[in-house]
Amino acid sequence: MFLRLILLSFCLFSPALTSLCAAEAESSNWFYRAWQTEDGLPDNSISDLAQSPDGYLWVATKGGLMRFNGAEFATMPLHRLPGLPSRAVRAMFLDSRGRVWFAMERGPLIRAGVDSVHPFFPADGLPTQRVIGITEDGQGTIWACFSGEVCYIEGDSITTLGEAEGLLRGGSPSLASDSFGNVWLSIGGMLGQLSKEGFSPLYPLGDLRATIAPAGDGGLWITANSKLMRLPVNGDPASVTSLPDDSRANVIYEDPSGTVWIGTSGHGLFRFDGGVLKAIPTSHPDIECITEDREGNIWAGTSGGGLNLIKPLSVELIEEPNQAFLTSAQSVSIGSNGRIWAVTERGGLVSGSNGRWRSESGGQVWSGTLASCVAADQNGRVWVGTRDKGILVHHQDKWQVFPLDHKLKHRVVRSLLAASNGDIWAAFDTPFQVHRIRNGQATNFPIDGPIEFIRAMTEGPGGTIWIGSSDGRVLRATDDRLVDETAITEPLPLSVRTLQASPDGSLWIGYAGEGLGHLKDGRYTRLTKADGLYDDYISQIIDDHQGSLWITANRGLFQLDYREVIDRIKGGTNHLRPRTFGRNDGLPSLQPVRNFSPSAARAPDGTLWFSMSRGLLKVQPDQIKSNPIPPPVVLEQVILDDEVVAFYQTRSLDPNAHEESRLDLSKPEPRLRIDPGHDKMEIRYAALSLTSPENIHFLHRLKPFDRNWVQTTSGQSATYPRLPAGRYEFQVLACNNVGVWNEHGATLEITVDPYFWETWWFKIGGGIGTALAAGGLVFLWLRWRHKRQLQQIAEKRALEQERSRIARDIHDDLGASLTHITLLSQSTPTPDTQLTQEVLDQIHATARHLMRSMEEVVWAVNPDHDTFDALANYISNYGQGFLSIAGVRCRLEMPMVLPERPLSAQVRHNLFLAFKEALNNSVKYSEATEVRISLRPDDTHFVLRIADNGRGFDLNSPSDPTRNLPGNGLANMKTRMAEIGGTCTLSSSDEEGTSVEFEVPFRMNP
């Protein structure tokens, strides 16, 4: 035995057998998505991970235990468990019965079942050291490894093993169970098996910090002395690869495909597959735990970098910060040999193949030349539009300038299209023209009417050429002319950013802020965000010929199912379900380029390329992982008037949860009964798909309250107002990121109890007992109310008649007299006149002032002016007249259509006087040259704003003696606004002048 151990040690650590392969240093095809404290974690140090059978991901941290549903973290109530010295969780394990075991930082071990919680303490026989690991043997016995002892738990009984049972001392132990249910322990430099009788050492490892994990074929994976080793079922450990020098593995995990994942301290995460060891990027080099969810995603917990989701790259932004020519792109095309050609926003030309890129804009032909767009034809030529040298052609490794008319040589080439028949279509700027190059000859295609930047071209089935412009023109090219198809698309032209033709004859039009247009066989439809579109600002579109449209927009990249889009265009009721790509796919914020064509291309191998302001976006549709698993749907909470009345209680860690009166939503067919009189009910739900939570789509409805399904992606809750008494059924369905639906979803039956007077017995008994009395009382009350209504109508009519009479009398009598005074005061004085000209002028001014005041009073009193429209007209006329006399320019900003809303005389009177005060202060004190008067109505209120460009003042300083606005003027305006239920807001600065805003409700509160 001793000789065998010596020979085995020599084989394990001999330099000649150290490795079958080395870790690759080149860049990884993997990425990570990190969740940290700003995303809801209490601490960025993750000690362990596990996914429970219901689909939640459990996350153990130094700051507590969290439950993750893919969208948000929920804190588990460890504080409700008595006797816990800390909230830090050291280790976690999911056993074969679906129970989750938690090892706390200082001793206690907790078992969380579906509907029970059981803590184990040292008083129960648990060792007092810190827990290192937990596992389960083939008989369902739980084993826990401590720093100096091992114990196993059967039921609620604990048995401890120590030195007396052969347990070694020293180093950092590691515990694991193989697929046969055998329990293995690495401790004191030895690897052996554990049984209830004790520890049996079998293999020397020579490393006090060795780590072990089960292998899929029944053996073990071992890391020791910076090596990864394999222990087969019948054999000895053998080294398979080397890890970085002085690296120590914290965790090993073999996924169902046989790939081995290794988390280390200080050297990050490694992936061993097919004899190749690769470094995988993570947010922190210290990896504490690794697990895989039911959808095949790898999760890694770091010591300082939070929770990482590890995924292969299917969407990648190609950018080279150290090479300026690859930091941006504005045009891209694919050569006949598969080579990628791209024009940068700085005017350079680059090409790439197999991940290697080089600059192409060198040589004498390129001297002082800036490229604008590029198009590769099927004959091996590459055509490059420039800003100052016309068109360059690359063929057989040579560049030459294409001979163009001298008028075209120095104009910007904005778009190029290499047609399938060998033609080259080119669009030029200033003047905007389209030329076709055929057999070396350029032919101009005249355009009827004005047109602006031609920034989109595409070729449809049968060689049809489509052209789009920034001013909304859509043109179709024939053999000798351009046909304007704009009128077929939109009544008013919409700015076109991009065009894409599909094999079925569809023309897709990407608009700037107006969504996605579709034209086929003379029929046109436009889809927007109201139809489920992710963004209305569309810059690039590619049909991948595999059943999807790929679109880049202001908000980034998204994918649409072609059949869903066509169904919606044909009148289908289902909204679009775009799949977005962002942080969960390893992408930064994306901004597509849109002013040159072509700006996107599809390679023969199916790879899609998009021009971005930060480089080239590479999309490999065939590399996107399928996800056939329907997402589990759970109801998490029901909140009634801010009080939780039902919640998901499975493994809630609350020892009193099942003794409370609140409903357990995790039970089958839950039924909730609520009292009448509630104001609001909120139902929170989740779909436990962790692959791409942002692409989960929900349908929910409350029958019979909701007539149709309500679709949502932005929220995971449904809110309802006070519900009448009756029975309801809430249903929620969900689909995952690739559109696989959980057709069963989750259901909650809700019964709203009636008030006692709504019960059947009260209705029958009360009806019989009080029918006659109630009928008589109702008749008398209705009669009284009718008489009262007639009286109120008569009083209102009399009041309006009296107001009209007063307005007529004032206008006819007082108005005539004032007019007479005005005319007399304007007559030329005679020598015999005793009054001086100065007195006559004062009479004239006073009379004019009285006439204006009289007009204002008449306007305010007259009921014919009790409308919002009358107020707007009067304010506009008064403001223009007043400011014109003062020599101040007046700018009015009024809506084209005014709502038909009534306004009382009190509202009009007070608002007008406040408006006069504001105008007077602006003219008198601000030294302004311009005053803006704006009126903005809303559904419930309107805002009148007066703003000047004059001298402002400090609102916090004592009143300026030259301005009285901060004093009585402002107080008066605020008082008048308060009387009609409105507000007055004043702002002023030396740079922007002074503005006053009056916000007034259409209806005054009584």
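Look above for the structure.
Remember, predicted model here, so these are calculated numbers, not experimental data.

**Let's talk about the sheet that holds strand β40 (residues 424-428)**
The strands making up a sheet associate through hydrogen bonds between their backbones, and the pairing can be parallel or antiparallel. Ordered in space as β39-β40-β41-β42, the four strands form an open sheet in which the pairing is antiparallel. Two strands lie at the open edges of the sheet, namely β39 (413-418) and β42 (441-445), each paired on one side alone. Across the sheet, the axes of successive neighbouring strands diverge by a mean angle of 25°, strand direction being ignored. Bridge analysis of β40 against strand β41 (residues 433-438) gives five bridges, and the strand direction is antiparallel.

**What about helix α3 (residues 562-569)?**
Within α3, six of the eight residues are buried, leaving the element largely enclosed by the surrounding structure. Of all the residues in α3, the buried ones are Y562, E564, V565, I566, R568 and I569. Its buried side turned inward, α3 meets β48 (507-511), β49 (516-520), β50 (523-527), β51 (538-543), β52 (548-553) and β53 (556-561). At the N-terminal end of α3, a side-chain oxygen is found 3.0 Å from the backbone nitrogen of R563, two or three residues along, and the residue is D561. Two residues or fewer past α3, G571 is found with a positive phi of approximately 105°.

**Looking at helix α7 (residues 905-925)**
For an α-helix the count is 3.6 residues per turn, leaving residues at separations of three or four pointing the same way. Taking 1.5 Å per residue, 21 residues should reach 30 Å; α7 reaches 30 Å between its end C-alpha atoms and fits that length. The positive-phi residue at the C-terminal boundary of α7 is E927, with phi of around 55°.

**Topic: the pairing of strand β14 (residues 157-161)**
Here strand β13 (residues 150-154) runs beside β14; their pairing, made up of five bridges, is antiparallel. Looking at the pairing, V150 lines up with L161 of β14. If you look at the hairpin formed by β13 and β14, you'll find two residues sitting between the two strands, and G155 has a positive phi there, around 65°.

**Structural notes on the sheet that holds strand β57 (residues 615-619)**
Strands sit in the order β30-β57-β56-β55 across an open sheet of four strands; the sheet is antiparallel. Here the strands that pair on one side only, and so sit at the sheet edges, are β30 (315-318) and β55 (600-602). Averaged over neighbouring strand pairs, the angle between their axes works out to 20° when direction is ignored. Here strand β56 (residues 608-612) runs beside β57; their pairing, made up of five bridges, is antiparallel. In the strand pairing of β57, S611 is matched with L616.

**Quick look at the packing of aromatic side chains**
Enumeration over the complete set of coordinates arrives at 31 aromatic pairs. Each ring, one from W221 and one from F272, has its centre 6.4 Å from the other, and the planes form 70°; the classification is edge-to-face. With W221 in strand β20 (residues 220-224) and F272 in strand β25 (residues 269-273), this residue pair connects regions lying 51 residues apart in the sequence. F272 carries the same exposure label as W221, and that label is buried. Connected via pairs of aromatic rings, a cluster forms that spans Y685, F698, F705, Y720 and F730. Lying over the aromatic face of Y56, R67 brings its terminal NZ or CZ to 4.2 Å of the ring centre. Residue placement shows R901 over the ring face of F1002; its charged tip is 4.3 Å from the ring centre.

**Notes on unusual backbone geometry**
Following S597, the chain continues to P598 via a peptide bond in cis, the omega torsion being 5°. Locating P598 in the fold gives a position in the loop between β54 (579-581) and β55. The step from K703 to P704 runs through a cis peptide bond, and the omega angle for that step is 0°. Along the chain, P704 turns up in the loop between β63 (697-703) and β64 (710-712). The backbone phi angle of N439 is positive, close to 55°, even though this residue is not glycine. For N439, the position within the fold is in the loop between β41 and β42.

**Regarding a negative patch on the surface**
Judged by side-chain charge, D954, D990, E991 and E992 come together as a negatively charged surface patch. Position of E991 relative to the elements: it lies in the loop between β71 (983-989) and β72 (993-1001). We classify E991 as exposed; its relative accessible area is 71%.

**Overview of a nonpolar patch on the surface**
Together, F756, W757, W760, W761, F762, I764 and I768 make up an exposed nonpolar region whose accessible area comes to about 880 Å². Tracing the backbone shows I768 in helix α4 (residues 760-826). Assessed through its relative accessible area of 68%, I768 is described here as exposed.

**Remarks on the pairing of strand β70 (residues 941-948)**
Among the eight residues that make up β70, seven are buried, leaving the element largely enclosed by the rest of the structure. As paired strands, strand β69 (residues 930-937) and β70 are joined by seven bridges and run antiparallel to one another. Directly across from I933, in β70, lies its bridge partner I946. Hairpin connection of β69 to β70: three residues between the antiparallel strands. Relative to β72, β70 is paired through seven bridges, and the arrangement is antiparallel. In the sheet register, H941 faces β72, and the bridge partner there is P1001.

**Some details on the environment of D753**
Note that D753 resides in the loop between β67 (741-752) and α4. Sequence spacing of D753 and A725 is 28 residues, and the spatial spacing of their C-alpha atoms is 5.4 Å. For D753, the contacting residues outside a window of four places in its chain are R673, I674, D675, P676 and A725. Polar side-chain contacts of D753 include one of 2.5 Å to the side chain of R673.

**Topic: the pattern of salt bridges**
A side chain with one charge can pair with a side chain of the opposite charge if their charged atoms come near. All chains considered together, the criterion is met by 31 salt bridges. Among the ionic pairs, E930 bridges to R932, the shortest N-O distance being 3.3 Å. Note on R932: relative accessible area 36%, which makes it partly exposed. In this structure, E997 and R945 form a salt bridge, with 3.4 Å as the shortest nitrogen-oxygen distance. Here E997, found in strand β72, pairs with R945, found in strand β70; they are 52 residues apart in sequence, far enough to count as distant.

Definitions and cut-offs
- Residues numbered from 1 in each chain as written.
- Predicted model: local features only at pLDDT ≥ 70, side-chain atom pairs only at ≥ 80, totals over all residues.
- Heavy atoms only, no water.
- Pairing = 2+ DSSP bridges.
- Helix = DSSP H or I, 4+ residues; strand = E, 2+ residues; numbered from the N terminus.
- Axes fitted to C-alpha atoms, helices over the stretch in contact; angles between N-to-C directions.
- Buried < 20%, exposed > 50% of the residue type's maximum accessible area, 1.4 Å probe, protein only.
- Contact = heavy atoms within 4.5 Å.
- Polar contact = N/O pair within 3.5 Å; in protein donor to acceptor, adjacent residues only side chain to side chain.
- Expected span 1.5 Å × (residues − 1).
- Phe/Tyr/Trp six-rings, centres within 6.5 Å; stacked < 30°, edge-to-face > 60°.
- Lys NZ or Arg CZ within 6 Å of the ring centre and 35° of its normal.
- Patch = residues over 30% accessible without salt bridge, like charges linked within 9 Å, V, L, I, M, F, W, Y side chains within 5 Å.
- Areas by Shrake-Rupley, 256 points an atom, 1.4 Å probe, with all protein chains shown as cover.
- Salt bridge = Lys/Arg side-chain N within 4 Å of Asp/Glu carboxyl O.
- Lys, Arg positive; Asp, Glu negative; His and termini not counted.
- Charge placed at Lys NZ, Arg CZ, Asp CG, Glu CD.

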